[in-house]
Amino acid sequence: MIEICCGSYEDALAAWNGGAGRIELNSALYLGGLTPSIGSLRLIKANTGLKVISMVRPRGAGFCYTEAETEQMFADARILMENGSDGLAFGFLTLDGKLDSEKTGRMIELIHEFHGEAVFHRAFDCVEDPYEAIEELIRLGADRILTSGLKEKAPQGAPLLKELQKKYGNQIQLLAGSGVNGDNARTLMEETGLTQVHSSCRDWKGDATTSGRWVNYCFAPAPHENDYDAVSEALVRKLVGSV
């Protein structure tokens, strides 16, 4: 399975046309991905055959949320599932780097209420003990974990990915993400035994109105000051073809 990380309806069209079967739908990918709009979700489900896993994340930074943020996440989660999302990606941690079992369990129950897939995202890569965390996720009934093997990039985390797949792969799905592309995906899958990869397949598009005379809305470093990132259909095709 090839999963493409998308930040918009347009990204999803590029992923679909490039041959992907599943996407993780977000907004604000420059913050690591936040909860997407309902409009983008409904358009994707109406106009493609993609399986859509929607992100539930109210802000950037870490994954230890206040009660108000948690309330918002559960409200967003229900609305996303009611509007056709095939599952949700989420993550709850405690301040000491452990899985927040209570909130995680409740979110899994909500997703399964709609017969969706419960995916614990790369908050997993911030836990203190990956073995303790994966065993708790299995106990709680999570369907999948998106992880780079606790390293910045999945190829660097290949040894742990391989170990987790060997030990737990028959109990929970493992999805390798971060730094995965058409040049290394096949090698990573062969090395670890994983059968699912997650990739951004991103390129740059320009918007000349990003910078005004006195004000600018740049978020990308040089030489992409007036660009924004978007899924490349060509890179998706390359990734799909490589595996």
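Our subject is the structure that appears above.
Residues numbered from 1 in each chain as written. Predicted model: local features only at pLDDT ≥ 70, side-chain atom pairs only at ≥ 80, totals over all residues. Heavy atoms only, no water.

### Regarding the side chain of aspartate 227
For aspartate 227, the position within the fold is in strand 10 (residues 227-231). This buried residue, aspartate 227, is left without a salt bridge; lysine 205 holds the nearest opposite charge, at 11 Å. (Helix = DSSP H or I, 4+ residues; strand = E, 2+ residues; numbered from the N terminus. Buried < 20%, exposed > 50% of the residue type's maximum accessible area, 1.4 Å probe, protein only. Lys, Arg positive; Asp, Glu negative; His and termini not counted. Salt bridge = Lys/Arg side-chain N within 4 Å of Asp/Glu carboxyl O.)

### Describing the state of the cysteines
One pass over the full model with this rule turns up zero disulfides. For cysteine 126, which is in no disulfide, the shortest distance to another cysteine sulfur is to cysteine 64 and amounts to 12 Å. Looking at cysteine 201, it has no disulfide partner, and the nearest cysteine sulfur is the one in cysteine 6, 9.0 Å off. Since its relative accessible area comes to 7%, cysteine 201 is described here as buried. (Disulfide = S-S within 2.5 Å.)

### Describing the sheet that holds strand 2 (residues 22-25)
In spatial order, the strands read 1-2-3-4-5-6-7-8; together these eight strands close into a barrel with parallel pairing. Between one strand axis and the next, the sheet turns by 25° as a mean value, whatever way the strands run. Pairing between strand 4 (residues 87-90) and strand 5 (residues 117-120): four bridges, direction parallel. Within the sheet, the bridge partner assigned to phenylalanine 90 lies in strand 5 and is phenylalanine 120. (Pairing = 2+ DSSP bridges. Axes fitted to C-alpha atoms, helices over the stretch in contact; angles between N-to-C directions.)

### A look at a negative patch on the surface
There is a patch of like negative charges on the surface, built from Asp96, Glu128, Asp129 and Glu135. Mapping glutamate 135 onto the fold places it in helix 5 (residues 130-140). (Patch = residues over 30% accessible without salt bridge, like charges linked within 9 Å, V, L, I, M, F, W, Y side chains within 5 Å. Areas by Shrake-Rupley, 256 points an atom, 1.4 Å probe, with all protein chains shown as cover. Charge placed at Lys NZ, Arg CZ, Asp CG, Glu CD.)

### What about unusual backbone geometry?
The omega angle of the peptide bond from alanine 222 to proline 223 is 5°, so this bond is cis rather than trans. The topology assignment puts proline 223 in the loop between strand 9 (202-206) and strand 10. Residue alanine 28 is not a glycine yet carries a positive backbone phi of 50°. The phi torsion at alanine 61 lies on the positive side, around 70°, for a residue other than glycine. In this fold, alanine 61 is placed in the loop between strand 3 (51-55) and helix 3 (67-82).

### Things to note about the environment of threonine 66
If you trace the backbone, threonine 66 turns up in the loop between strand 3 and helix 3. Residues threonine 66 and tyrosine 228, 162 residues apart in the sequence, show an inter-C-alpha distance of 31 Å.

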